[in-house]
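Descriptive structure summary
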Amino acid sequence: MKKTIILLLMALSATAFAQRGSWGEFPMIPSKSLSARRAETTKIKDTPAYFKALKIYERLREARGDFRYPVPTFYITQEETVAEISYIENVIYLGEKAFKVCESFGENSEAAIAFLLAHELTHYYEKHAWRGNFYHEYSGISLARQMDSTYQAMLAGAADPAMRKLLMRFDTLSVYAEKAAMEAQSDYLGGFLAYSAGYGAFTQGPEIIRRLYAEFGLTDDLPGYMTRSEREQLSLRSAQQLQDLVDLFEMANLLTAVGQYEDAYRYYRKVLTEYQSREVYNNVGATALLQALKLFKAEELKFRYPVQLDLEMANTRGPEEEAMRKKLLEQAVLHFDAAISLDPGYAPAFLNKACALALLGDSQRARFYADVEARRVATGKYAANVAAIEILLGILDAESGTAEGIEKAKSRWMAVSNGGKNALATYNLAILKNEAPPAAPSEGLSFFDNESIDGQEALTLSNLMEDKMIQVDKIITYHRNNQQSENARLLFNRRSSKTSILFLVTKPGYSQPSARGIKIGDARSAVENKYGPAPRSILTTTGELLVYADILFVMKDGKVEKWALTKVF
């Protein structure tokens, strides 16, 4: 009997929730909700606080890159609320008092504001209001009425006080658990959104919650909501999940930088199961494309493509490799399409799709996506893509085999070579003229040049006593040792077969210089003055990677954020 009741309760809990209304608004913490005073809600958009928060908000929207639906408008408000999304108005509010709390975090104030706003944006992107609104809208259908009537009858007919209490408690807990799960997800994925927008992995969630409770004069135990301690613990657990996701994403970037495209592809796919954005879809597609490039014969790829980081081609390829590269390129196209569906103005995905189509032999569609679609959106921050478009169109022209096509290619590449500064255009132009291509930049330092971090070299696995292991897929595991030293951590990508790779990475605040005197905070020009032009320069969602033989520098806003030593096993 009890088992039957429990099963019925699981089906009835949603209907019982529907009778109590919609989850149309989501407060960060239970301050006074705006929904009760909608007509008198203040909408501030002309103060320094508003403009500072708006800049952060727009950066978050851009980082998510999902413009399939109208993105909520943003306002500061004087009302007694922290941060809240109103689905009725499609507006996200940040309270003035909450803004002041964020300002109390000093140099981390922008990260604190991003934490609150990304939390609310995640409620929107993950459609957390949908379930409640769906139940509310359809609570009048026959089945819903029958389920609710059954629940009410069970409640009224429960002669045993203990059973009646169980019924009421189960209903309350089911709604409580749903809300807690959505808050945790918004902390977690909102944190990754803030990270991808360049605000770092904000780890002070419990502290900001503590300060907000104090500022708003809230008691630690509020009716219908988790206790303050529980909310802090929820934020702490979400921060731990966030760090794992950030680690996987950073490992994918590092693996891409050192040419381990297949493994990078697997890491990006793992991230994609948790977080979907145009950049992640584009990165998955790009690494699939780069894998495919390695499966061409040397004579098949006379020129270098704009997405190409390096080429490691054999002299011969069999039918298995040809089938695999076709599959990879087709997968890449699908991933680029997914990125474009999120943001029809995302230029890199159009260009990468054009490259994939060209490699598939579909030159007509490749030309359309490069010359029409990619060019259409190659403006503003994507203006640099114009040169890459010309490089690809030049390849299509040259491969037409006609004298006119060859002259067009020559003209395009000369126009964008920028006196030899554009490496791809310069290389392709030399090949077209049957000249020797320019020599590759120096591969930089190796471990034999005494490059170390905190006095350690990433030479062996003897110190890899991991404090975290994540199964990426059936053949790859990610290992991390944050306790390697006070100033460095080990990140290890282990495969069940083939190549594995180890990274020794500086921790934030590391003050010692590299072997050639580069410190955290140094400009890009300083790195290249000491190490020479980087053999590879990889753009990421948060900056750039400058890659040398056994050392790479992670750049943010044009300055060194950290660096890593690498070792392949």
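Residues numbered from 1 in each chain as written. Predicted model: local features only at pLDDT ≥ 70, side-chain atom pairs only at ≥ 80, totals over all residues. Heavy atoms only, no water.

**Considerations on the pattern of salt bridges**
To keep things clear, this is the line we draw: We define a salt bridge as a side-chain nitrogen of Lys or Arg found within 4 Å of a carboxyl oxygen belonging to Asp or Glu. Numbering of helices and strands runs from the N terminus; a helix is a DSSP stretch of H or I covering at least four residues, while a strand is a stretch of E covering at least two. Exposure is judged per residue with a 1.4 Å probe applied to protein chains only, and the accessible area is read against the type maximum: over 50% gives exposed, under 20% gives buried, and values in between give partly exposed.
Under the criterion given, the structure shown has 40 salt bridges. Across the pair Glu262 and Arg495 runs a salt bridge, and its minimum N-O distance is 3.7 Å. Highlighted residues: Glu262 in helix α10 (residues 261-272) and Arg495 in strand β7 (residues 488-495), separated in sequence by 233 residues. On the basis of relative accessibility, which here comes to 28%, the residue Glu262 falls in the partly exposed class. Several salt bridges share partner residues, and in doing so they unite Asp244, Asp247, Glu250, Lys468, Arg480, Arg489 and Lys562 into one network.

**What to know about the confidence of the model for the protein**
Here is the rule: pLDDT is a per-residue confidence score from the predictor, ranging from 0 to 100. Contacts were defined at the residue level, with two residues in contact if any of their heavy atoms lie within 4.5 Å.
With 78% of its residues at a pLDDT of 70 or more, the protein shows a mean pLDDT of 80. Every residue in residues 134-139 is under pLDDT 50, and counting partners more than four places away or in other chains gives eleven contacts. Taken as a whole, residues 443-448 scores under 50 in pLDDT and shows 19 contacts with residues more than four places along the chain or in a different chain.

**Digging into the packing of helix α13 (residues 347-359) against helix α14 (residues 363-376)**
The line we're drawing: Under this scheme, a helix contributes an axis fitted over its contacting stretch, all axes are lines through C-alpha atoms, and angles between N-to-C directions fall in the 0 to 180 degree range. Working definition: roughly parallel below 35 degrees, roughly antiparallel above 145 degrees, roughly perpendicular at 65 to 115 degrees, and oblique for all remaining angles. Residues are sorted three ways: Asp, Glu, Lys and Arg are charged, Ala, Val, Leu, Ile, Met, Phe, Trp, Tyr, Cys and Pro are nonpolar, and all the rest, Gly among them, are polar.
Between α13 and α14, whose axes approach to 8 Å, the crossing angle comes to 170 degrees. By the angle between their directions, the pair α13 and α14 is classed as roughly antiparallel. Counting all contacts with α13, which are made through Phe350, Leu351, Lys353, Ala354, Leu357 and Ala358, the residues of α14 involved are Arg365, Ala366, Tyr369, Ala370, Glu373, Ala374 and Arg376. Of the residues contributing to the contact of α13 with α14, the split by class is nine nonpolar, no polar and four charged.

**Some remarks on the sheet that holds strand β8 (residues 501-506)**
Where we set the bar: Between any two strands, at least two bridges found by DSSP are needed for them to pair.
In space, the eight strands of this open sheet follow the order β5-β6-β7-β8-β12-β11-β10-β9, with antiparallel pairing throughout. Two strands close off the open sheet at either side, each with one partner strand: β5 (468-471) and β9 (536-540). Sheet twist, expressed as the mean angle between neighbouring strand axes with direction ignored, is 20 degrees. With six bridges joining them, strand β6 (residues 476-481) and β7 adopt antiparallel strand pairing. In the strand pairing of β7, Thr477 is matched with Arg494. The sheet strands contacting helix α9 (residues 228-257) are β5, β6, β7, β8, β9, β10 (543-547), β11 (551-556) and β12 (559-568), and the helix crosses β7 at an angle near 70 degrees.

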